[in-house]
Amino acid sequence: MKKSVITLFTLLLLFILAGCQAAAEKSGAMELKLAHNQTLDHPVHISLVEFGRLVEEKSNGDIKIRIYPNAQLGSEREVTELTQTGAVDLAKVSASALEAFESDYSIFSLPYVFEDYDMFEKVMNNENVTDKLYNQTEGMGFIGLTYYNAGERHLYTKNREVNDIPDMKGLKVRVQPSQTSVQMIEALGGIPTAMAYGEVYTAIQSGVIDAAENNETALVGNNHGEVAKYYMYTGHQIVPDMFIMNANRFNQLSEEHQEIIKEAAKESTVFHEDVWAKTVQEQTETAKNEMGVNFIDVDKSPFIEAVQPLHENYSNNENTAEIYQLIQEAKKDE
């Protein structure tokens, strides 16, 4: 019964999207459908609106972007699958969500693969790395266009400071549905619990979990600061949002329109940096002054040392060794 309901929903969704496409084409403009799971006031939505504005402007109105925010078209996995089939043209999904489709994307879940955000940005502007990442999935039906800053991920707890590895013992920590993230918490001595992001607030409140890990915007944007009062700057992961496009749709565009899409995507990434930085600063102040969250600097060195076995696994695994090595080389490039 459940499968029938899902199938019916998918068919209805495809019918609606096809109707929107037909209406747009009748008006003379090409319409591309873009899906993501964030709210209208989230930095990534604001940046995707800018992407749409740039595309329309650069194409003189020949291409319009229709955005479906708030997970209207499904979860990140679902919109990735819709992008594969072409029912959706563009989607913003977390790099961690793409692990299930391409093992290279698991590199972003590897703790401390980037020392800081400056190093991450350096790597993500290296074409040897991005060409492999963005084009690796073309045979699966989608390609990468660009990335968006989703911040550094830090640990936050309900009522306990974490300053060293012994403090992690027995700590029940929510992680994303990523095997690498699960292994990370285990290596640090905690107890990983994979669960949907929307369940984190009540899970912390009720004691099902003791902690979670995310960037600062989770404290205010999702009200986690109401139930989690200690935020430790562990900086263990930098997992970007990825902007993907249906490969066939992109290849069907003229060379001029392909260039417009790529240019607008890159420019929206630059635009996003300022929007993101401002949001993080504002929401950190709100969490500190209005929600009573304690922000704590920690010595990262024991955490970095604890996860080194994971780095060895990545460098020796045939599925991840190449992307791991490319990142190490990109760090050294001047």
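Bear in mind that the values here come from a model prediction, so they are computed numbers and not experimental data.

### Details of the pairing of strand 2 (residues 63–68)
- Here strand 1 (residues 30–35) runs beside strand 2; their pairing, made up of six bridges, is parallel. Paired with E31 across the strands is K64, a residue of strand 2.

### Describing empty space enclosed by the protein
- Applying the stated criterion across every chain yields a total of two cavities of 30 Å³ or more.
- Surrounding the largest cavity, L155, M168, M184, I185, L188, T234, H236 and F303 form its lining.
- Along the lines of polarity and charge, the residues of the lining of the largest cavity split into six nonpolar, two polar and no charged.
- The calculated volume of the second largest cavity comes to roughly 40 Å³.

### Side note on the pattern of salt bridges
- Taken as a whole and judged by the stated rule, the model has 15 salt bridges.
- Here D104 makes a salt bridge to K132, at a shortest N to O gap of 3.1 Å. Here the residue D104 occupies a position in the loop between strand 3 (90–94) and helix 4 (117–124), and K132 occupies one in helix 5 (residues 127–135), the gap between them amounting to 28 residues.
- Judged by relative accessible area, which is 13%, K132 ranks as buried.
- With a closest N to O distance of 2.8 Å, E213 and R153 form a salt bridge. In this pair, E213 is assigned in strand 8 (residues 211–214) and R153 in strand 5 (residues 152–157), connecting sequence segments 60 residues apart.
- Judged by relative accessible area, which is 1%, E213 ranks as buried.
- Each member of the salt-bridge network shares a partner with another, and the members are K33, D89 and R249.

### Topic: the packing of aromatic side chains
- The tally for this structure, following the rule as stated, stands at 13 aromatic pairs.
- With 5.2 Å between their ring centres and 40° between their planes, Y117 and F120 make a pair best called tilted. You can see Y117 and its partner F120 sitting in helix 4, three residues apart, about one turn around the helix. F120 shares its class with Y117; the two are buried.
- Among the aromatic residues, ring-to-ring pairing joins Y105, F108, F114, Y117, F120 and Y147 into one connected group.

### Re the layout of surface pockets
- In this structure, the largest pocket encloses a volume near 1000 Å³.
- Listing elements by their share of the lining of the largest pocket, those giving two or more residues are helix 2 (43–58), helix 3 (76–85), strand 3, helix 8 (217–221) and helix 10 (255–289).
- When residues of the lining of the largest pocket are assigned to their parent elements, the largest contribution, five residues, is made by helix 10.
- Classifying every residue of the lining of the largest pocket gives twelve nonpolar, 18 polar and nine charged.
- Shared between two domains, the lining of the largest pocket holds at least three residues of each, these being domain 1 (2–106 + 114–149 + 240–279) and domain 2 (153–238 + 283–332).
- The calculated volume of the second largest pocket comes to roughly 550 Å³.
- Along its surface, the second largest pocket is lined by 24 residues, and T130, Y134, L145, T146 and K266 are the ones closest to its centre.
- Elements with a contribution of two residues or more to the lining of the second largest pocket: helix 4, helix 5, strand 4 (142–148), helix 9 (247–252) and helix 10.

About the cut-offs
Residues numbered from 1 in each chain as written. Predicted model: local features only at pLDDT ≥ 70, side-chain atom pairs only at ≥ 80, totals over all residues. Heavy atoms only, no water. Pairing = 2+ DSSP bridges. Helix = DSSP H or I, 4+ residues; strand = E, 2+ residues; numbered from the N terminus. 1 Å grid on protein atoms, 1.4 Å probe; cavity = no way out; pocket = protein on both sides within 12 Å on 5 of 7 lines; lining within 4 Å. Points joined across faces, edges and corners; volume = space filled by probe spheres on them. Nonpolar A, V, L, I, M, F, W, Y, C, P; charged D, E, K, R; others polar. Salt bridge = Lys/Arg side-chain N within 4 Å of Asp/Glu carboxyl O. Buried < 20%, exposed > 50% of the residue type's maximum accessible area, 1.4 Å probe, protein only. Phe/Tyr/Trp six-rings, centres within 6.5 Å; stacked < 30°, edge-to-face > 60°. Domains from an automatic or database assignment.

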